[in-house]
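What follows is each chain in one-letter form.
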Amino acid sequence: PSPPAAAWLRGESGARTLWAGADVPPLAVFLDPPLVTVGHRNPDIHGTDGSLLRTLDGVTSAQRIDAHAGRLLVVEAGLLSVWDPLSGSMLGRVAGGWTDACLTPDGESVLAADMAGTVRRLSVAGGLVGGSEIPADGPVIGGATDGQVLFASFARMPALRVRVL
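Let us look at the structure shown here. (Residues numbered from 1 in each chain as written. Predicted model: local features only at pLDDT ≥ 70, side-chain atom pairs only at ≥ 80, totals over all residues. Heavy atoms only, no water.)

## Quick notes on the pattern of salt bridges
Summed over all chains, the structure comprises 5 salt bridges. Of the charged contacts in the structure, one is a salt bridge between D23 and R41, with a shortest N-O distance of 2.8 Å. With D23 in the loop between β2 (14-21) and β3 (28-32) and R41 in the loop between β4 (35-39) and β5 (44-47), this residue pair connects regions lying 18 residues apart in the sequence. Note on D23: relative accessible area 39%, which makes it partly exposed. Among the ionic pairs, E108 bridges to R71, the shortest N-O distance being 3.7 Å. Residue E108 is found in the loop between β11 (98-103) and β12 (109-114), and its partner R71 is found in strand β8 (residues 71-76); the two are separated by 37 residues along the sequence. Owing to a relative accessible area of 21%, R71 belongs among the partly exposed residues under this scheme. (Salt bridge = Lys/Arg side-chain N within 4 Å of Asp/Glu carboxyl O. Helix = DSSP H or I, 4+ residues; strand = E, 2+ residues; numbered from the N terminus. Buried < 20%, exposed > 50% of the residue type's maximum accessible area, 1.4 Å probe, protein only.)

Shown next as structure tokens:
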């Protein structure tokens with residue numbers, strides 16, 4: 001019998017199974033050649049040829065994965081972690097009631113929204129500790145950034161807003 005859930009990488013030579021099992025299935029994957037990250041309970045980093053390079057120390061299945069400038073952000077329920085995907089080193093981890101988070105394009109900061117409607121800019125070099133608050137005027141449920149502005153989805157109308165960083 002086949003497993004109840006799986007993640008595959010399809011290529012010229014066919015499909016390769018990157019993850020399969022009965023545990024919490026992957027909710028997020030991220031392709032940033034030459035790497036593919038599969039976000040299950042302990043996120044796996046594969047080469048684009050399907051070879052397993054390393055497994056990261058996760059807690060729950062990742063709900064979002066983002067990568068920029070050689071850094072990998074894993075957003076789990078209640079936990080944000082930034083990694084160097086090539087070495088497997090954790091650069092910072094912080095607990096909280098996070099709804100979403102994203103990396104700035106330079107990989108220096110994480111913009112993180114929590115259940116209370118607060119958006120924080122957290123320094124990767126500072127281990128994601130402390131940070132500064134960005135006015136949000138309501139609960140943010142998702143966001144993205146180009147490093148200059150935060151484009152966010154809000155729980156109340158108007159649903160999409162832009163905030164200068």
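Now that the structure is up, let's keep going.
## Examining the sheet that holds β11
Ordered by their spatial adjacency, 4 strands build an open sheet running β11-β12-β13-β14, and the pairing between neighbours is antiparallel. Edge positions in the sheet fall to β11 and β14 (132-134), since each of these pairs with one other strand and no more. Within this sheet the neighbouring strands show an average axis-to-axis angle of 25°, counted without direction. Two strands pair when backbone bridges link them, and β12 and strand β13 (residues 119-123) are joined in this way by 5 bridges, in the antiparallel orientation. Paired with V110 across the bridge in β13 is L122. (Pairing = 2+ DSSP bridges. Axes fitted to C-alpha atoms, helices over the stretch in contact; angles between N-to-C directions.)

## Digging into empty space enclosed by the protein
Tallied over the entire structure, the rule returns 1 cavity of 30 Å³ or more. In this model, the largest cavity occupies a volume close to 60 Å³. Taken together, R64, D100, A101, C102, L111, A112, A113, V119, V140, G142, G143 and L150 make up the lining of the largest cavity. Only β11, β12 and β15 (140-145) provide two or more residues apiece to the lining of the largest cavity. (1 Å grid on protein atoms, 1.4 Å probe; cavity = no way out; pocket = protein on both sides within 12 Å on 5 of 7 lines; lining within 4 Å. Points joined across faces, edges and corners; volume = space filled by probe spheres on them.)

## Focus: the sheet that holds β8
Adjacent strands of a sheet pair through backbone hydrogen bonds, lying either parallel or antiparallel. Spatially, 4 strands are ordered β7-β8-β9-β10 in an open sheet, and the strand pairing comes out antiparallel. A single partner strand is all that each edge strand has here, and the edge strands are β7 (64-68) and β10 (89-95). On average, each strand axis in the sheet is inclined to that of its neighbour by 15°, with strand direction left out of account. When β7 meets β8, the two strands line up antiparallel, connected through 5 bridges. Within the sheet, the bridge partner assigned to R64 lies in β8 and is V75.

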